[in-house]
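Residue-level listing of the chains:
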Amino acid sequence: MPFRWRNSSTLRAGTSGCSPFHSLASDCPGPTSSTAVTPCVFCAVSAVTTLAPGVMPGTARVTARAGEAVGEVDVSILPGPAAEVAVTAEPAELVANFNEVTRLTALVRDRYGNVVADGTVIRFETTVGQLISSSAPTVGGLAQVLMLGGRVAGTAVVTATAPSGVYGTVAVVIRPNRPAAVGLTAEPAAVVVGGVAALLTATVRDMFGNLVTEAVSVTFRTNLGGLRAVGSQQAVDSVYVGTAVDGVAVAELVSGERSGVAEVQVALNAAVSTVGQVRFLPGPAAQLTLSADPARVPVGGRTQLSAWVIDRFGNNVADGTWVSFGVTAGQLDASMVATRNGVASTGLTAPDQPGTVQVAAISSPASGFTAVEVFLSRATFLPLILR
C-alpha cells in the first residue's frame with residue numbers, strides 16, 4: 001500500500017526537535033515504533049513517530065512497513081553552530097620583509113566536536129602584518145587565509161571569528177631582519193674633565209628600523225677620554241667591546257684631564273658604523289695669570305691688561321667665564337670682562353700723576369696681580385729762530 005510522508009526533514013545534531021512521519025493503511029494490524037536513534041518501523045492507519053537527531057551529523061534513513069508495503073525517507077542531520085575555533089599558523093615565525101607569508105588555518109567545530117557545515121564564513125583579523133583576505137568559507141571544517149608578515153617586527157595576534165561569535169587566536173612572531181644600521185646617543189652630551197662619565201647607548205636596527213633582538217657584538221672607540229663597562233670601576237681604554245641585547249648596547253665614556261671634543265665611533269663591522277661626539281668641558285678657574293702690556297706708560301698713557309685663566313689641569317676655562325678687574329688709580333675701559341679662549345682683556349688709561357698703579361684680576365677662586373709704572377714724560381723743546 002502507498003505511504004504519504006508529512007515532510008522530509010533536515011535536523012541539526014544535538015537539537016531537541018524531531019521529525020514526524022505519517023503513513024496511511026486501512027488494514028494495518030497496529031502501530032509499532034523503534035527507538036529514536038535506530039531506523040523506525042511502524043504500522044498504523046495513521047502512524048506518527050519521531051526521530052531524535054543525536055550528536056553525529058549524517059543521513060538517517062527511515063523505513064515504514066504496512067503488511068507487504070514499505071516506505072522510506074532520508075533525513076539529513078546537519079552539524080550544529082560553531083562552538084569552538086582552533087587557529088594554527090604555518091610557519092609560526094616570519095622575518096620582517098616584503099615577501100614572508102604564513103598560512104592561517106581555523107578548524108571550526110560544533111559543541112559535539114563535529115566540524116561545521118561547509119560554507120561557514122570565518123572572519124580573520126591581525127594586530128601586525130597584512131591579511132591577503134579577511135575572511136574565508138569552511139571546507140571540511142577548515143577555513144584558510146594567507147598573511148604577509150610585512151616590515152614591522154613584533155608578535156601578531158591573529159583572531160578567527162565564527163558567525164556565532166565564538167573565536168580563536170594564534171600568535172605569529174615576526175622577527176627583525178639582519179643588522180643593517182647602528183645609532184649612538186650620549187647622556188649627557190657634555191661632561192667636565194676629571195673622571196666624569198657619560199652614558200653611551202648604541203641601538204642596532206635592521207633595514208626597516210626594527211631593533212635587532214639577536215645578540216650582536218658592538219665595538220666602541222674614542223679619541224679622547226676612555227671607555228669602560230657601565231658601572232665598572234676598572235681602568236678605561238680607548239676601545240670597548242660590548243654586546244647588544246634586544247638591539248641595545250651601552251658603555252661609559254669617562255673624561256680625562258684634557259678638554260675638547262671626543263669623537264666616539266660605534267661599529268658592528270667594517271660596513272656598519274656611526275660616529276657621535278661628547279664634549280669634555282674645562283673645570284672651574286684654578287689659576288689666573290695677569291699681565292700688562294706695556295708695563296710702563298707715561299702719565300695719561302694706555303696699557304692693555306690681560307688675564308689668562310686655566311683649570312686645575314691647565315685647560316683654558318670655558319668661554320664666557322667672568323673676570324673682575326680692579327686698579328688703584330687710572331681708568332679701566334671695563335671692570336667685568338668674559339673670557340674668550342681662556343683670556344679676558346681690558347684697557348687702562350694711566351692717571352695724570354706718576355707712580356705705581358696696582359692691578360688685580362679675580363675669577364673666583366683664582367686671582368692674579370700685577371703693577372703698572374706710570375712715569376712723567378720729558379718735554380721736548382725746539383729752538384726758536386728769528387730772522
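Okay, so let's go over this structure. None of these values were measured; they are calculated from a predicted model.

**A short note on the sheet that holds strand β10 (residues 130-131)**
- A sheet is described by the order of its strands in space; here four strands give the open sequence β6-β8-β12-β10, paired in antiparallel fashion. On the outer flanks of this sheet lie β6 (84-90) and β10, each paired with one strand and no other.
- Across seven bridges, β6 lies against strand β8 (residues 101-109) in antiparallel orientation. Across the sheet, residue valine 87 finds its bridge partner in β8, namely alanine 106.

**A closer look at the pairing of strand β18 (residues 216-222)**
- With five of seven residues buried, β18 lies mostly within the body of the structure.
- In this sheet, strand β20 (residues 239-244) lies alongside β18 in antiparallel orientation, the contact comprising six bridges. Following the sheet pairing, serine 217 is matched in β20 by threonine 243.
- Where β18 meets strand β22 (residues 260-267), four bridges bridge the pair, whose relative direction is antiparallel. Opposite threonine 219, over in β22, you have alanine 267 as the bridge partner.

**Digging into the nonpolar core**
- Counting residues in hydrophobic clusters, the biggest one holds 25 residues, and the most contacted among them are Leu104, Ile122, Phe124 and Val172.
- Listed by contribution, the elements that provide at least two residues to this core are β6, β8, β9 (121-126), β12 (142-148), β13 (154-161) and β14 (167-175).
- The residues touching valine 172, leaving out its near neighbours within four places in the chain, are Ala89, Ala92, Leu94, Thr102, Leu104, Met147, Gly154, Thr155, Ala156 and Val158.

**What about the sheet that holds strand β7 (residues 93-95)?**
- Taking strand neighbours across the sheet as the criterion, the five strands line up as β7-β14-β13-β9-β11 in an open arrangement whose pairing is mixed. Unpaired on one side and paired on the other, β7 and β11 (135-137) mark the two borders of the sheet. The sheet shows a mean angle of 25° between the axes of neighbouring strands, direction not considered.
- One ladder, built from four bridges, connects β9 with β13; its direction is antiparallel. Its bridge partner lying in β13, phenylalanine 124 is registered against alanine 160.

**A closer look at the side chain of serine 255**
- Within the secondary structure, serine 255 is located in the loop between β21 (248-254) and β22.
- Residue classification places serine 255 among the buried residues on the basis of a relative accessible area of 5%.
- Of note is the side chain of serine 255, whose polar atom sits 3.3 Å from the backbone nitrogen of glycine 194.
- Other than its neighbours up to four places away in sequence, serine 255 contacts Val191, Val192, Val193, Gly194, Gly195, Val196 and Phe280.

**What about the pattern of salt bridges?**
- By the definition in use, this model includes six salt bridges.
- Here arginine 175 ties to glutamate 93 by a salt bridge, and the two come within 2.9 Å at their closest N and O atoms. Of this pair, arginine 175 sits in strand β14 while glutamate 93 sits in strand β7, and the two are 82 residues apart along the sequence.
- Using a relative accessible area of 44% as the deciding quantity, one classes glutamate 93 as partly exposed.
- Glutamate 373 is the salt-bridge partner of arginine 296, the closest N and O atoms lying 3.2 Å from each other. Remark: glutamate 373 occurs in strand β32 (residues 366-375) and arginine 296 occurs in strand β25 (residues 296-298); sequence separation between them is 77 residues.
- Residue arginine 296 is classed as partly exposed on the basis of its relative accessible area of 47%.
- The partly exposed category is assigned to glutamate 373, whose relative accessible area is 37%.
- Here the salt bridges share partners, and the residues they tie into one network are Arg61, Glu72 and Asp74.

**Quick look at the environment of valine 317**
- Inspection of the secondary structure assignment puts valine 317 in the loop between β26 (302-310) and β27 (322-327).
- Given the relative accessible area of 4%, valine 317 is considered buried.
- Along the sequence, valine 317 and serine 259 sit 58 residues apart, while their C-alpha atoms lie 9.4 Å from each other.
- The residues contacting valine 317, other than those within four sequence positions of it, are Pro282, Gly283, Pro284, Ala285, Val309, Ile310, Asp311, Thr339 and Gly342.

Reading the values: rules and limits
- Residues numbered from 1 in each chain as written.
- Predicted model: local features only at pLDDT ≥ 70, side-chain atom pairs only at ≥ 80, totals over all residues.
- Heavy atoms only, no water.
- Pairing = 2+ DSSP bridges.
- Helix = DSSP H or I, 4+ residues; strand = E, 2+ residues; numbered from the N terminus.
- Buried < 20%, exposed > 50% of the residue type's maximum accessible area, 1.4 Å probe, protein only.
- Core = buried A, V, L, I, M, F, W, Y, C linked by side-chain atoms within 4.5 Å.
- Contact = heavy atoms within 4.5 Å.
- Axes fitted to C-alpha atoms, helices over the stretch in contact; angles between N-to-C directions.
- Polar contact = N/O pair within 3.5 Å; in protein donor to acceptor, adjacent residues only side chain to side chain.
- Salt bridge = Lys/Arg side-chain N within 4 Å of Asp/Glu carboxyl O.

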